Amino acid sequence: MPAAADAVVPIMVHKPHAVEGLDARLIDRIRAAKGDQAIPALPPGAGWLFVEVGADTEEEARAILAAITADAGTTSVRVLEDPREAANLWAIRADGAGLAGRSVDNKECWPGWEDAAVPPEHLGTYLREFDVLMESHGVTGQPFGHFGDGCIHVRLDIPLQDDGRPLRAFMEDAAALVARHGGSLSGEHGDGRARGELLHTMYSAEALDVMEQVKRLFDPAGLLNPGIVVDPAPLDADLRRPSAPATPRGTGLAFAHDHGDLAEAVHRCTGVGKCRADAIGGGSGFMCPAYTATKDEKDVTRGRARVLQEAINGTLIGGLKAPEVRESLDLCLSCKACSSDCPSGVDMAAYKSEVLHRTYKGRLRPVAHYSVGWLPRWLKVIGIAPGLVNAVLRPRWIQRTAVNLAGLDKRRTLPHFSATPFRKSAVARSHRAPAQAPSTPGSTRVENRVVLWADSFTDGLDAQIPAAIVAVLEDAGFEVVVPDQSACCAVTWISTGQARCGPCSHERSAGCAGAVRREWHPHHRHRALVHRRSSRRPDGTSARGPARARGGSRYLLPGRGAHRTRTCQAA
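(A) Layout of the overall build of the chain. Looking only at helices and strands, one finds 26 helices and 9 strands in the chain. Within the chain, the fraction of its 571 residues that count as buried is 47%. At a minimum sequence separation of 6, the contacts of the chain that also span at least 24 residues come to 74%. Here the chain displays about 27200 Å² of accessible surface, and carbon together with sulfur accounts for 56% of that area.

Right, dumping it as structure tokens:
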């Protein structure tokens, strides 16, 4: 990365539209979180500069690109002209702050030294010395940022679980380093509480005294933004993380990717704020549907995480049982959009499940937890005589009474239950998988075999859907197999915090899939189609591998002029 930074000054001579840097350590973090497929093809190197150029004509743009390539000091260059490839590349940079919230070895990382800047001509030397500084303090970081301006973003795995002493020690040394290079403690966002105490490393005593006089002149009572620049508060005061006690795993979710600690899980959120963007309207994701409707901070993923952090650190009276927690989580749909879209890896559906589990463990629950939460169980009972149940519930007054007793919104109506659950239908019986695999080798083309089972909702409410799927697949030349075992995604159990009931049915579903794989093909080459829910275990992991924090934002930094060419330079 420092070698790439050395090339910034000769590149800036050609007036590119953007010069952004990305360290290989951040790429390693993305690869660990999202897999190799999330990384565009990058030229060899341990750090890269993303350079965007543009001009009024394509010929001019290509000429600028050729000049930059010649002056870059490396042959490790890749040119991107496809906007889709460029968008994928910029998505990594856009999600950098969130993705860097965990180190490659899954330690918590913090933004205390977030946007220090030095003159671009000193950037390479600064980064080399910064690496030495991190090593001396036993911390790691994943630098990225606006290299064309000499501004570096970095999240550091400084241990803040106990107190702020490690943060103070690092910040004081880092401030001295930046000052030696003629830089700024805050190149982009302002000094704030994190760095106000360190301003003496940048400014003389006389300059600070003038700032104080101006402050006193316009704010003699010290009411406006106190404790920032004048009489700054200690940089290690009021830290959120040390005040949050560990909340070890109980009988609920495992939080395996957060060392079994709910406090560590909710502190994944460091306020990046991607959940506040109009991802749904912009087509870049699905987070957060509740906030899209209400526009209230308490209903966005970040706001909910803050409420949970305050509940755990004791700010809210009542802790996780506080009414503010219930109000904030009430509109969470448990859709898990944040688990896919949030670059920091926040999974509010899992946090809500755990909070409800801990809140109501051994206590009487809201009626809806029994009516909706136990829906898979009720659907099996209703499946004995669904026609009779539909007839009994047909009168509107009975519907209203049932909705009221179930604890649901009175404006709702009850669904119509399938006349025959799919598992009992002729289609399912005629495609039932036998107890063991075919004994004659090669008797069936396993390449064209599809295993289909329906979740509880589809089985009891939309039985026609899996029947139609069978018809479509067979028309396409596939052999469809319906396993004997029943399956349930357990989403209603888990989303209402009844994890002790939910995992039983969910693990049974996973066991069903495993049994079919073992019995029907020892090499596991067949396709499996699960309608309609995803195979996610109660601890947040997928049946296909570890749960991953995936960023979904995709946008392009606009260039001036009609023609834009992007190059990725490594060093």
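Now that the structure is up, let's keep going.
(B) Structural context of empty space enclosed by the protein. The tally for this structure, following the rule as stated, stands at 6 cavities of 30 Å³ or more. A volume near 100 Å³ is recorded for the largest cavity. Forming the boundary of the largest cavity are 16 residues, of which Cys288, Arg304, Cys332, Cys335 and Cys338 lie nearest the centre. Residues of the lining of the largest cavity, tallied by class, amount to 12 nonpolar, 2 polar and 2 charged. Empty space within the second largest cavity amounts to approximately 80 Å³. Forming the boundary of the second largest cavity are 14 residues, of which Cys269, Gly273, Cys275, Cys342 and Ser344 lie nearest the centre.

(C) Inspection of the packing of aromatic side chains at higher detail. Counted under the stated rule, the structure contains 7 aromatic pairs. Between the aromatic rings of Phe130 and Phe170, the centroid separation amounts to 6.0 Å while the plane-to-plane angle is 80 degrees, which identifies the pairing as edge-to-face. Of the two residues, Phe130 is situated in helix 7 (residues 123-137) and Phe170 in helix 8 (residues 165-180); the sequence distance between them amounts to 40 residues. The same class applies to Phe130 and to Phe170, which are both buried. Between the aromatic rings of Tyr370 and Trp374, the centroid separation amounts to 5.5 Å while the plane-to-plane angle is 80 degrees, which identifies the pairing as edge-to-face.

(D) Fine view of unusual backbone geometry. The linkage connecting Met287 with the following residue, Cys288, adopts the cis geometry, with an omega of -5 degrees. Among the secondary structure elements, Cys288 is positioned in the loop between helix 12 (279-282) and helix 13 (289-294). Positive phi outside glycine occurs at Asp238, with the angle close to 60 degrees. One non-glycine residue with positive phi stands out, namely Ser334, at about 55 degrees. With respect to the helices and strands, the residue Ser334 is situated in the loop between helix 15 (323-330) and helix 16 (337-341). For Ser334, a relative accessible area of 17% translates into the label buried.

(E) A look at the confidence of the model for the chain. When pLDDT is averaged across the chain, the result is 83; 84% of the residues are at 70 or more. When the criterion is pLDDT under 50, residues 435-444 qualifies, and its contacts beyond four places in sequence or with other chains add up to 9 contacts. Across residues 520-528, confidence stays below pLDDT 50; counting only partners more than four residues off in sequence or on other chains, it has 27 contacts.

(F) Spotlight on the side chain of Lys352. For Lys352, the position within the fold is in helix 17 (residues 348-360). Buried and without a salt bridge, Lys352 has Asp330 as its closest oppositely charged side chain, separated by 6.1 Å. Among the polar contacts made by the side chain of Lys352, one reaches the main-chain carbonyl oxygen of Leu329 at a distance of 3.4 Å. Here Lys352 is in contact with Leu329, Asp330, Cys332, Ser334 and Ser495, once residues within four sequence places are set aside.

About the cut-offs
- In this convention, every chain numbers its residues from 1, walking through the sequence in written order.
- Whole-chain, interface and lining totals are the exception, using all residues; otherwise, since this is a predicted model, local features are given only for residues with pLDDT of at least 70 and side-chain atom pairs are given and counted only at 80 or more.
- Where side-chain values are given, they derive from all heavy atoms of the structure, hydrogens and water being excluded.
- A run of DSSP states H or I qualifies as a helix once it reaches four residues; a run of E qualifies as a strand once it reaches two. Both are numbered from the N-terminal end.
- When a residue's accessible area, from a 1.4 Å probe over protein chains only, is under 20% of the maximum for its type it is buried; when over 50% it is exposed; and in between it is partly exposed.
- Contact between two residues is taken to exist if any of their heavy atoms lie within 4.5 Å; hydrogens are not considered.
- To measure how exposed things are, a 1.4 Å probe is used in the Shrake-Rupley method; for residues, cover is taken only from the protein chains shown.
- With a 1 Å grid spanning the protein atoms alone, the term cavity applies to any set of points in which a 1.4 Å probe fits but cannot get out, the term pocket to an open set with protein on both sides within 12 Å along at least five of seven lines, and the term lining residue to any residue with an atom within 4 Å of a point.
- Grid points are joined across faces, edges and corners, and a volume is the space filled by probe spheres set on the points.
- Note on residue classes: Ala, Val, Leu, Ile, Met, Phe, Trp, Tyr, Cys and Pro are nonpolar, Asp, Glu, Lys and Arg are charged, and everything else, Gly too, is polar.
- Centre distance within 6.5 Å is the pairing criterion for rings of Phe, Tyr and Trp, where only the six-membered ring of Trp is used; planes under 30 degrees apart are then read as stacked, over 60 as edge-to-face, and the remainder as tilted.
- As a per-residue quantity, pLDDT reports the predictor's confidence and falls between 0 and 100.
- All tallies of charge rest on Lys and Arg as positive and Asp and Glu as negative; His and the ends of each chain are not included.
- The rule for a salt bridge is simple: a side-chain nitrogen of Lys or Arg has to be within 4 Å of a carboxyl oxygen of Asp or Glu.
- Polar contacts here mean pairs of N or O atoms no more than 3.5 Å apart (in protein, one a potential hydrogen donor and the other a potential acceptor; neighbouring residues in sequence count only if both atoms are side-chain atoms).

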